[in-house]
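What follows is each chain in one-letter form.
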Amino acid sequence: MLLFWYAPMVQAQMYRQYNFPGNRSSRSSRSSRSNTPEYPLSSNMMGFFGGVFLTSNPDMSGYDTKKSYTDYGGGLIYDYRYEWSEAAAYEILTSCMLASCNTSHTEQGESKMKVTWPLETRFYLGCSQLKLYFGAGLQYNFIWSWRDNGNDGYYGNSSQDEGTSANQLSANLGAGFCLLGLQSKVHFLIGTKFHFPIVNNAEGTEYSNGNKIDFSKDRESMVLTGGVSLDVSRSCVMMANYDYPLGNSAQTSVNNGESLSFFEQHSQSITFSIMYRF
């Protein structure tokens with residue numbers, strides 16, 4: 001899908017509070033005296049996120065499209081992080097998002113939402129203040145549609161048709177840098193992510209005169225990602241993330257008779273998260 005290729009997940013996690021293995025009281029007291037964390041360290045975080053997703057196109061007059069679309073979404077997010085040492089760590093990220101789907105064509109009385117579920121693993125290598133990370137993961141998404149058919153029967157019970165479309169599976173590969181470490185309350189992440197479809201079942205929306213513009217078709221893209229997180233308290237972290245596709249790889253085909261053309265299409269996402277350690 002064009003929207004949410006790079007579904008929002010935690011972008012900058014270098015938590016200062018961890019669960020220490022072994023004897024908690026003895027380890028915590030020694031750690032507080034030395035002000036130095038004892039490895040290995042682990043952290044479980046769960047919370048909520050919301051975001052705005054912007055899609056812009058050239059003016060396609062006559063193709064029943066808009067120059068820009070704005071969608072809103074949110075959901076649950078989970079993060080597990082394990083640090084072997086100051087120089088090496090891994091992280092597992094997942095989230096479930098429900099969002100509007102304004103780029104998808106709807107019939108009279110029909111409504112649509114988009115459901116996205118990504119799962120990603122990252123490996124970090126470096127020093128306390130600067131780490132290089134590599135990530136890989138899968139993303140599944142589909143469009144959920146429903147139509148209210150109004151009153152049905154003598155007692156006036158309403159009926160509703162439901163279904164799913166554009167069921168798609170894609171993969172993500174990413175790399176970048178994580179700046180600042182355990183001694184700072186503010187942490188940054190910047191990098192790129194390569195997205196490519198594996199199973200690409202688009203909607204195939206048809207328009208008049210043989211024109212077809214299918215915004216639901218997934219495609220390869222290179223995405224610039226950036227994020228910042230802030231330790232609000234011992235157990236709470238707030239994050240903000242920004243994603244932007246690079247280059248002209250985000251294209252949707254327009255099939256008009258025997259002619260085939262392409263137009264560039266950009267999507268941006270801005271998301272905010274709040275997570276709690278448990």
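Quick summary incoming for the structure in this document. Note that this is a predicted model, so its numbers are computed, not measured.

1. Quick notes on the pairing of strand β9 (residues 236-246)
Right, so step 1: When strand β8 (residues 221-231) meets β9, the two strands line up antiparallel, connected through 10 bridges. Bridge pairing links threonine 225 to aspartate 243 in β9.
Right, so step 2: Count of turn residues in the β8/β9 antiparallel hairpin: four residues.

2. Considerations on the nonpolar core
Right, so step 1: Judged by nonpolar contacts, Met45, Phe49, Phe53, Ile77, Met97, Ala99, Val237, Met239 and Met275 together constitute the single largest core of nine residues.
Right, so step 2: Of all the secondary-structure elements, those providing two or more residues to this core are β1 (41-56), β3 (88-100) and β9.
Right, so step 3: No other element matches the three residues that β1 contributes to this core.
Right, so step 4: Counting five residues, the second largest nonpolar core, distinct from the first, contains Ala89, Tyr124, Cys178 and Leu189.

3. Section: unusual backbone geometry
Right, so step 1: Here the amide bond leading from tyrosine 39 into proline 40 is cis, since omega sits at 5°, within 30 degrees of zero.
Right, so step 2: One can find proline 40 in the loop between α1 (24-34) and β1.
Right, so step 3: Positive phi, close to 55°, is recorded for alanine 166, a residue that is not glycine.

4. As for the pattern of salt bridges
Right, so step 1: For the structure on display, the rule yields five salt bridges.
Right, so step 2: As a salt-bridge pair, glutamate 203 and lysine 112 come within 2.7 Å of each other at their nearest N and O atoms. Of the two residues, glutamate 203 sits in the loop between β7 (186-200) and β8 while lysine 112 sits in strand β4 (residues 110-126), which places them 91 residues apart along the sequence.
Right, so step 3: Glutamate 120 serves as the salt-bridge partner of lysine 193, at 3.4 Å between the closest nitrogen and oxygen. Placement of the pair is lysine 193 in strand β7 and glutamate 120 in strand β4, with a sequence separation of 73 residues. Exposure class is identical for lysine 193 and glutamate 120. Each is buried.
Right, so step 4: When salt bridges that share partners are traced, they join Arg81, Glu83 and Glu91 into one network.

5. A word on the packing of aromatic side chains
How two aromatic rings sit relative to each other is set out by the distance from centre to centre and by the angle between their planes.
Right, so step 1: What the rule picks out here adds up to 10 aromatic pairs.
Right, so step 2: Relative to phenylalanine 278, the ring of tyrosine 78 has its centre 6.5 Å away and its plane inclined at 40°; by these criteria the two rings are tilted. You can see tyrosine 78 sitting in strand β2 (residues 68-85) and its partner phenylalanine 278 sitting in the segment after β12 (266-277), a full 200 residues away along the chain.
Right, so step 3: In this structure tyrosine 78 comes out as partly exposed when scored by relative accessible area, which is 24%.
Right, so step 4: Ring pairs connect the aromatic residues Tyr80, Tyr82, Trp84, Tyr90 and Phe123, which therefore count as one cluster.
Right, so step 5: Lying over the aromatic face of tyrosine 124, arginine 81 brings its terminal NZ or CZ to 4.4 Å of the ring centre.

Definitions and cut-offs
Residues numbered from 1 in each chain as written. Predicted model: local features only at pLDDT ≥ 70, side-chain atom pairs only at ≥ 80, totals over all residues. Heavy atoms only, no water. Pairing = 2+ DSSP bridges. Helix = DSSP H or I, 4+ residues; strand = E, 2+ residues; numbered from the N terminus. Core = buried A, V, L, I, M, F, W, Y, C linked by side-chain atoms within 4.5 Å. Buried < 20%, exposed > 50% of the residue type's maximum accessible area, 1.4 Å probe, protein only. Salt bridge = Lys/Arg side-chain N within 4 Å of Asp/Glu carboxyl O. Phe/Tyr/Trp six-rings, centres within 6.5 Å; stacked < 30°, edge-to-face > 60°. Lys NZ or Arg CZ within 6 Å of the ring centre and 35° of its normal.

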